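Here's the letter readout for the chains.
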Amino acid sequence: MNTIGISDGMINFICIYETGKKFGYTMTSKDLNGYDLKDAGGHKTFGYGLLYHPIKKVYMDTVKKSWTQTELENLFLEHTKQTSRRIDVWADTYNIKLNQNQKDAIASACYNFGYGFLQKNICKMIIVNPNNTKIRYTWEHLSDVQGKKYHGLIKRRKAEAKWYFEGK
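As the structure is a prediction and not an experimental result, all values here were calculated from the model.

S.K.: Can you break down the pattern of salt bridges residue by residue, with the values?
M.R.: A side chain of one charge can pair with a side chain of the opposite charge if their charged atoms are brought near each other. As enumerated under the stated definition, the model contains six salt bridges in all. Taking the shortest distance from any N to any O, the salt bridge between Glu71 and Lys64 comes out at 2.8 Å. Judged by its relative accessible area of 28%, Glu71 is partly exposed. Residue Lys64 is classed as partly exposed on the basis of its relative accessible area of 30%. Across the pair Glu166 and Arg136 runs a salt bridge whose closest N-O atoms are separated by 2.9 Å. A residue pair is termed long-range when its members are at least 10 positions apart, and Glu166 in helix H8 (residues 151–166) and Arg136 in helix H7 (residues 134–140) qualify at 30 residues.

Below is the structure:
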């Protein structure tokens, strides 16, 4: 286990779903200069799917227009560390005992959905019983975005649900 609080396997899992590549890949100019996914009011996403600066709490492109690979790697790791801490606080608040696989899967969903994931019905199910097998089905069906289904999100949600119960 690293000092981030999320397993190395999950760090790579998030990176693969965000970029198609494992952590530490050689970034392109598009990664460093940002790309517009048409879903953030024209703000650009950088590197490992970074839209918000994890320290300054503003859009990345309002801080800088271009980043280095080292900066983006450090910001990604800071984001995942903050996510880990946020999940720990949430779990402590509700007296939930999560194993590493469960925490990892929740971290991936938080990275993709934002921390609002912790308020979703799926997390209410986890609060009641983190080992409830119905969580898998519910999780696998969290792939709608504004009424549309996206193949990549369907695949990611199924993989997260599997990770939650089985690990890698």
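Back to the text.
S.K.: Lay out H8 in plain terms, naming residues and giving numbers.
M.R.: The terminal C-alpha atoms of H8, which comprises 16 residues, lie 22 Å apart, in line with the 22 Å expected from a rise of 1.5 Å per residue. Among all positions in H8, only Leu153, Arg156, Arg157, Ala159, Glu160, Ala161, Trp163 and Tyr164 are buried. Immediately beyond the C-terminal end of H8, within one or two residues, lies Gly167, with a positive phi of roughly 80°.

S.K.: Quick one: what's the story with the packing of helix H4 (residues 69–93) against helix H5 (residues 100–113), residue by residue and with numbers?
M.R.: Look at H4 against H5: their axes get within 10 Å of each other, and the N-to-C directions meet at 120°. Taken as axis vectors, H4 and H5 run oblique relative to one another. Two packed elements cross with a definite hand, and for H4 against H5 that hand is right-handed. Facing Phe76, His79, Thr83, Ser84, Ile87, Asp88 and Trp90 of H4, the residues of H5 in contact are Lys103, Ile106, Ala107, Cys110 and Tyr111.

S.K.: Describe the nonpolar core, naming the residues involved and giving the relevant values.
M.R.: Counting 39 residues, the largest nonpolar core has Phe76, Trp90, Ile106, Phe117, Ile122, Ile126 and Trp139 as its most contacted members. Excluding residues within four positions of it along the chain, Ile126 makes contact with Trp90, Ile96, Leu98, Ile106, Ile135, Trp139 and Tyr164.

S.K.: Which residues make up helix H1 (residues 8–19), and what values go with them?
M.R.: In this model H1 runs 16 Å from its N-terminal to its C-terminal C-alpha over 12 residues, within 8% of the 16 Å that 1.5 Å per residue would give. What H1 keeps buried is the set Met10, Ile11, Phe13, Ile14, Cys15 and Thr19. Buried residues along H1 sit in contact with H4, H5 and H8. Backbone geometry just downstream of H1 places Gly20 in the positive-phi region, at approximately 85°.

S.K.: Any chance you could break down the packing of aromatic side chains for me, citing the residues and the numbers?
M.R.: Taken as a whole, this structure holds 14 aromatic pairs when the rule is applied. Consider the rings of Tyr48 and Phe76, whose centres lie 4.9 Å apart with planes at 40°: the pair is tilted. Of this pair, Tyr48 sits in the loop between helix H2 (29–33) and helix H3 (60–63) while Phe76 sits in helix H4; the two residues are 28 residues apart in sequence, bridging distant segments of the chain. Assigned by exposure class, Tyr48 and Phe76 land together as buried. Where Tyr164 meets Phe165, the ring centres are 5.0 Å apart and the plane angle is 70°; that geometry is what we call edge-to-face. The class of Phe165 is partly exposed, set by a relative accessible area of 27%. Taken together, the ring pairs in this structure connect Phe23, Tyr25, Tyr48, Phe76 and Tyr111 into an aromatic cluster. Lying across the ring of Trp67, Lys64 places its NZ or CZ 4.9 Å from the centre.

What counts and how
Residues numbered from 1 in each chain as written. Predicted model: local features only at pLDDT ≥ 70, side-chain atom pairs only at ≥ 80, totals over all residues. Heavy atoms only, no water. Salt bridge = Lys/Arg side-chain N within 4 Å of Asp/Glu carboxyl O. Buried < 20%, exposed > 50% of the residue type's maximum accessible area, 1.4 Å probe, protein only. Helix = DSSP H or I, 4+ residues; strand = E, 2+ residues; numbered from the N terminus. Expected span 1.5 Å × (residues − 1). Axes fitted to C-alpha atoms, helices over the stretch in contact; angles between N-to-C directions. Parallel < 35°, antiparallel > 145°, perpendicular 65-115°, else oblique. Left-handed = near helix turned anticlockwise from the far one by under 90°. Contact = heavy atoms within 4.5 Å. Core = buried A, V, L, I, M, F, W, Y, C linked by side-chain atoms within 4.5 Å. Phe/Tyr/Trp six-rings, centres within 6.5 Å; stacked < 30°, edge-to-face > 60°. Lys NZ or Arg CZ within 6 Å of the ring centre and 35° of its normal.

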